Amino acid sequence: MAKTQTRYICQSCGHVELQWKGQCPDCGEWGTLQEEVSVKPSAAKAAARARSPLESAEPRRMSEIGLEDFGRWSTGINELDRVLGETAYEGKRQSGVVPGSVILLGGDPGIGKSTLLTQVAHIVSGSVGPVLYASGEESAQQIKMRSRRLGPAGADLFLLAETDLDSIERAVTQTQPACVVVDSIQTMRHPEVESAPGTVSQVRACTETLMRLAKTRGCAVFLVGHVTKEGAIAGPRVLEHMVDTVLYFEGERTQTYRILRAVKNRFGSTNEIGVFEMGGEGLLQVENPSEMLLSERDANGPGSVVTAAMEGTRPLLVEVQALCAPSHLAQPRRSATGLDYNRTTMVLAVLEKRVGIRLGNQDVFTNVAGGVRLLEPGADLALAIAVASSLSDLPVDAETIAVGEIGLAGEVRAVQNLEKRLQEAARLGFRRAIVPARNARKFSGKIGIELVPAHNVRQAVDAAFGGRTASAG
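Residues numbered from 1 in each chain as written. Predicted model: local features only at pLDDT ≥ 70, side-chain atom pairs only at ≥ 80, totals over all residues. Heavy atoms only, no water.

Asks: Would you mind going over the nonpolar core with me for this structure?
Replies: Among soluble globular proteins, nonpolar side chains are generally buried collectively. Counting 50 residues, the largest nonpolar core has Leu359, Leu374, Ile385, Val387 and Ile434 as its most contacted members. Sequence-distant contacts of Leu359, that is, excluding residues within four places in its chain, are made with Cys324, Arg334, Leu348, Leu351, Glu352, Val364, Val387 and Leu391. If you look at the next biggest cluster of nonpolar residues, it comprises 29 residues, including Val83, Leu117, Val131 and Ile143. (Core = buried A, V, L, I, M, F, W, Y, C linked by side-chain atoms within 4.5 Å. Buried < 20%, exposed > 50% of the residue type's maximum accessible area, 1.4 Å probe, protein only. Contact = heavy atoms within 4.5 Å.)

As structure tokens, this is what we get:
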């Protein structure tokens, strides 16, 4: 007979206590311990469920394992394939999904997670093999209504409106899919766990079972994950450690553009991004994101500077904006959207100390237009010039970009892949680039763009305004 046990599990970190406490001893969060009743199955049932071909396989020498029939397959969406990663094997480069991998897709409600995976299911079912789309949030008819606007689906796309994991396992055995989509993991229920769907125990047990299915049958599994109000995947943090790849959709629901970013990827880089536009026919790929991000730029407005950032192997031109306004507060405000806050305050301190631009009585707001989040320090120089431009109310030349990292001594440090950045800038019509002096000495390419070397921030600011003053006066 199955035995029951009452435990209190933290819904934030997964810590287990036998008695209820107001504060989790592990992560320190208050009010997160919830009562869950677990059922221990009989020994025979547990052994049968745990038994898998992976556990019964004999060890093999790595030299004997071939990859001829284990190549990546494409989702048919190039922007998604780019984020999932690329593999080189025997002189051929393949991008897309690794068979047997488990991919977690998170994002705010309504941002397009289900739309993207429905598009993937349509394409893969017609080009790679059968696809099983299991939804715990919609009926089969509702899924069909949503998918009609995305174009015709393949003949081997199977829909299953079910939350019971045993039913999904049986459907996988019946259809033998190349890809399984579970929408969403927080709605699934494991029959051997008595707690409610979405709790730590249920999410962990369901993910373990789906991982076993993926590894033993070689099918890729896409999991849709809800997010909390802080923007993290709901449920235990161990969920992100269990899966192979974690993707996040970024962007505002009120905007048409979406950015797909990998925060974990066992089979590829986490530096690549995919850019999509939400339209009437689903998510459309943006093949030229730099042109899109600069399409609404006010070229003659002060406080705006274009920089060339590297997102993985792709150069991306973005507009860095700054607004300085007189402050009436004892401590002026500092705001950074799309930029690292600590790095932004460091650049402001360097401007004040090394260049003499007084910002102690100014509220400073910074932003990266288009919803892009810049993580690399190569945008420091553009940020510094944008702040100086806003404070002095002097616009920067519309055909000038700025690339460079700023140090605490006010020096402008070299960046990587400058030639790729400048090629993208020249393609979009930029004719002048303020760059680190060290990069300028090593750069020998002729791409039709003038290089202005800068050893320090003061030189860069003077070059941006052509001798005009950029101080607060």
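Asks: Got a minute to help me understand helix α7 (residues 200–217) in this structure?
Replies: Because each turn of an α-helix spans 3.6 residues, side chains separated by three or four positions end up pointing in the same direction. With 18 residues, α7 extends 26 Å between its outermost C-alpha atoms, agreeing within 8% with the 26 Å of an ideal straight helix rising 1.5 Å per residue. By the burial criterion, the buried members of α7 are Val200, Ser201, Gln202, Val203, Ala205, Cys206, Thr207, Thr209, Leu210, Met211, Leu213 and Ala214. Once α7 ends, the next one or two residues include Gly218, with phi positive near 75°. (Helix = DSSP H or I, 4+ residues; strand = E, 2+ residues; numbered from the N terminus. Expected span 1.5 Å × (residues − 1).)

Asks: How should the packing of helix α6 (residues 165–175) against α7 be read in this particular structure?
Replies: To describe two helices that pack against each other, one gives the angle between their axes and the distance between the axes. Where α6 contacts α7, the axes come no closer than 11 Å and their chain directions differ by 10°. Considering their axes alone, α6 and α7 lie roughly parallel with respect to each other. Across the interface between the two elements, Leu165, Glu169, Val172 and Thr173 from α6 touch Cys206, Thr209, Leu210, Arg212, Leu213 and Arg217 from α7. When the residues that make up the contact of α6 with α7 are grouped by side-chain class, the tally is five nonpolar, two polar and three charged. (Axes fitted to C-alpha atoms, helices over the stretch in contact; angles between N-to-C directions. Parallel < 35°, antiparallel > 145°, perpendicular 65-115°, else oblique. Nonpolar A, V, L, I, M, F, W, Y, C, P; charged D, E, K, R; others polar.)

Asks: What exactly am I supposed to notice about the layout of surface pockets here?
Replies: A probe matching the size of a water molecule, rolled over the atoms, marks out where space remains unfilled. Considering only enclosed or pocket space, the largest pocket measures out at about 540 Å³ in volume. If you go around the largest pocket, you meet 23 residues; those closest to its centre are Gln255, Val368, Ala369, Gly370 and Gly371. Elements with a minimum of two residues in the lining of the largest pocket: α9 (289–293), β16 (314–326) and β18 (362–368). In terms of residue class, the lining of the largest pocket is built from six nonpolar, ten polar and seven charged. (1 Å grid on protein atoms, 1.4 Å probe; cavity = no way out; pocket = protein on both sides within 12 Å on 5 of 7 lines; lining within 4 Å. Points joined across faces, edges and corners; volume = space filled by probe spheres on them.)

Asks: Help me out: how do you make sense of the environment of Phe365 in this one?
Replies: Secondary-structure assignment places Phe365 in strand β18. Once residues lying within four places of it in the same chain are set aside, the contact partners of Phe365 are Gln321, Ala322, Leu323, Arg333 and Ser335.

Asks: Whenever I open this one, the environment of Val415 confuses me. Can you help?
Replies: In this structure, Val415 sits in the loop between β21 (412–413) and α12 (418–427). Since its relative accessible area comes to 12%, Val415 is described here as buried. In sequence terms Val415 and Ala309 are 106 residues apart; their C-alpha atoms lie 9.8 Å from each other.

Asks: Just checking my understanding: could you explain the pairing of strand β12 (residues 257–265) for this structure?
Replies: Within a regular strand, the side chains alternate between the two sheet faces. The sheet contact formed by strand β11 (residues 245–250) and β12 spans six bridges and is antiparallel. The partner of Glu250 across the bridge, within β12, is Ile259. (Pairing = 2+ DSSP bridges.)

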